[in-house]
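Spelled out from the first residue to the last, the chains are:
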Number of protein chains: 2
Amino acid sequence: MLLSHTSQYAIQSLVYIALHGDDGPLLSREIAARLGVPSAYLAKILQSLCKGGLLISHRGRLGGFSLSESPDKMSLMRVINITEGAGFTKECLLGLKVCSDETACPMHPIWKPIKERIMQMMESQNLTTVADAVREGKYRLTDLPGSLCPEMETVK
Amino acid sequence: MLLSHTSQYAIQSLVYIALHGDDGPLLSREIAARLGVPSAYLAKILQSLCKGGLLISHRGRLGGFSLSESPDKMSLMRVINITEGAGFTKECLLGLKVCSDETACPMHPIWKPIKERIMQMMESQNLTTVADAVREGKYRLTDLPGSLCPEMETVK
DNA sequence: TCAAAAGCGGACATAAATATCCTGAGTTCT
DNA sequence: AGAACTCAGGATATTTATGTCCGCTTTTGA
């Protein structure tokens, strides 16, 4: 509801790369398979994350995608800004064209603090904090059994 | 982002009816014009709100739509349940198939309290509280100038 | 009784998000 | 150099949400 599939796939992929990308680039195809997400579509998303400066792509043999910088420098807000567009932070609950503090919709005073908390969460959470939560073992990234175990057989 | 256009139109319409529906049913066409929303589309939405039990429709001359019960008994959650479907309260931030307290996604512990607050807001706010906020004059329902003034000339 | 008014509901149209396909360009290993 | 591999990116397809159209039924007032 809050995030599009595109954003969800993007976050999942980046966290996956943060977890498993230490010894070289990861294949788009492999990431898609691990996350159980359409491969060709994910390829487009990874492309846009490259343009957005979060990923670096490598072509040819041993190619793939790797993070452009330290994962703890990449907040979820940076990801969302790329995948949802910059308007994300400005939208009104009731969909009014203009809804600022001055000309507010009737939900504004109730919605505003909640929205701020959402933004704060997106700013404070980054690829490392999420990846750590996964590594702890308490939380999952995907539905696929063992999808986060490096010892699982390689995707063909 | 959080709510679809359909839900936004639905809430706006219901509040409009709560504000102006005291002396008889209101026309779908008039509501749409006041809110600046596509008329034929809104008609469908009002229809589904009838099926959902929030509105009563009246055909023929002097027909239109009126609330089925007291506006303070209609929480926004009731509206959203009709327009977004029941899954709304269960969705995961990262889009995982199953994301409960037991098998949680990595965002779960951060997202859960925020989500609960959103639900709480939707439960506690009802057509009367929102309508009152509009009546106070501090907040708007629409972008149309004077859209909430009954003395504005009738929509033809 | 009849015409006008209003919602009903099915069919259709458009737009945006999601998903797929294919060819080309860059890279690496032999 | 050549073969195998991988991303780039344009074209296309599918799905879902949104939006439109029109003939039908119901209701009311002249």
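Peer 1: I'm lost on the packing of aromatic side chains in this one. Help?
Peer 2: In this description, an aromatic ring pair is defined by two values, namely the gap between the centres and the angle between the planes. Residue and element names in this part refer to chain A. Within the structure shown, the criterion is met by 2 aromatic pairs over all chains. Here Tyr9 and Tyr41 contribute two aromatic rings whose centre-to-centre distance is 6.1 Å and whose plane-to-plane angle is 85°, an arrangement assigned as edge-to-face. Linking Tyr9 in helix α1 (residues 5-20) with Tyr41 in helix α3 (residues 39-51), this pair joins segments that are 32 residues apart in sequence. Residue classification places Tyr41 among the partly exposed positions, given a relative accessible area of 38%.

Peer 1: How should the environment of B:Leu42 be read in this particular structure?
Peer 2: Residues and elements named next belong to chain B. Within the secondary structure layout, Leu42 lies in helix α3 (residues 39-51). Along the sequence, Leu42 and Leu14 sit 28 residues apart, while their C-alpha atoms lie 11 Å from each other. With sequence-adjacent residues up to four places away left out, Leu42 is seen in contact with Tyr9, Ser13, Ser28, Ile31, Ala32 and Val37.

Peer 1: Where do I start with the relation of the copies chain B and chain A in this structure?
Peer 2: Both copies of the chain are related by one operation, a rotation about an axis with a shift along it. Between chain B and chain A, which share one sequence, the superposing operator has a rotation angle of 180° and an axial displacement of 0.0 Å; the RMSD is 0.1 Å. Accordingly, the operation relating the two chain copies is best matched by a two-fold axis. Across chain B, the smallest distance between a C-alpha and the rotation axis is recorded for B:Leu2, namely 2.4 Å. The fraction of interface residues of chain B whose copies in chain A are also interface residues reaches 100%, indicating that both copies meet through the same surface.

Peer 1: Looking at this structure, I do not really get the interface of chain B and chain A. What am I missing?
Peer 2: One widely used convention gives an interface's size as the accessible area the parts lose upon coming together. Contact with chain B, which involves 43 residues of that partner, is made by 43 residues of chain A. For the pair chain B and chain A, the summed buried surface comes to about 3800 Å²; carbon and sulfur atoms form 67% of the total. Counting the surface chain B buries against chain A, the share from its top three residues, B:Met1, B:Pro106 and B:Arg140, is 21%. Summed over the shared surface of chain B and chain A, the number is 12 residue pairs in polar contact (both at pLDDT 80 or more). Of all elements in the fold, only α1 (5-20), α5 (108-124) and α6 (127-135) of chain B reach the threshold of two or more residues within the side of chain B that touches chain A.

Peer 1: Help me understand the layout of surface pockets, please; the structure alone is not making it clear to me.
Peer 2: Empty space among the atoms becomes apparent when a probe as large as a water molecule is rolled across them. Reported here for the largest pocket is a volume of approximately 330 Å³. Lining the largest pocket are 22 residues, and of these A:Leu94, A:Gly95, A:Leu96, A:Lys97 and B:Gln8 sit closest to its centre. Among the residues forming the lining of the largest pocket, the class breakdown is 12 nonpolar, 6 polar and 4 charged.

Reading the values: rules and limits
Residues numbered from 1 in each chain as written. Chains lettered and ligands numbered in written order. Predicted model: local features only at pLDDT ≥ 70, side-chain atom pairs only at ≥ 80, totals over all residues. Heavy atoms only, no water. Phe/Tyr/Trp six-rings, centres within 6.5 Å; stacked < 30°, edge-to-face > 60°. Helix = DSSP H or I, 4+ residues; strand = E, 2+ residues; numbered from the N terminus. Buried < 20%, exposed > 50% of the residue type's maximum accessible area, 1.4 Å probe, protein only. Contact = heavy atoms within 4.5 Å. Least-squares fit on C-alpha atoms with pLDDT ≥ 70 in both. Buried area = accessible area lost by both parts, 1.4 Å probe. Polar contact = N/O pair within 3.5 Å; in protein donor to acceptor, adjacent residues only side chain to side chain. 1 Å grid on protein atoms, 1.4 Å probe; cavity = no way out; pocket = protein on both sides within 12 Å on 5 of 7 lines; lining within 4 Å. Points joined across faces, edges and corners; volume = space filled by probe spheres on them. Nonpolar A, V, L, I, M, F, W, Y, C, P; charged D, E, K, R; others polar.

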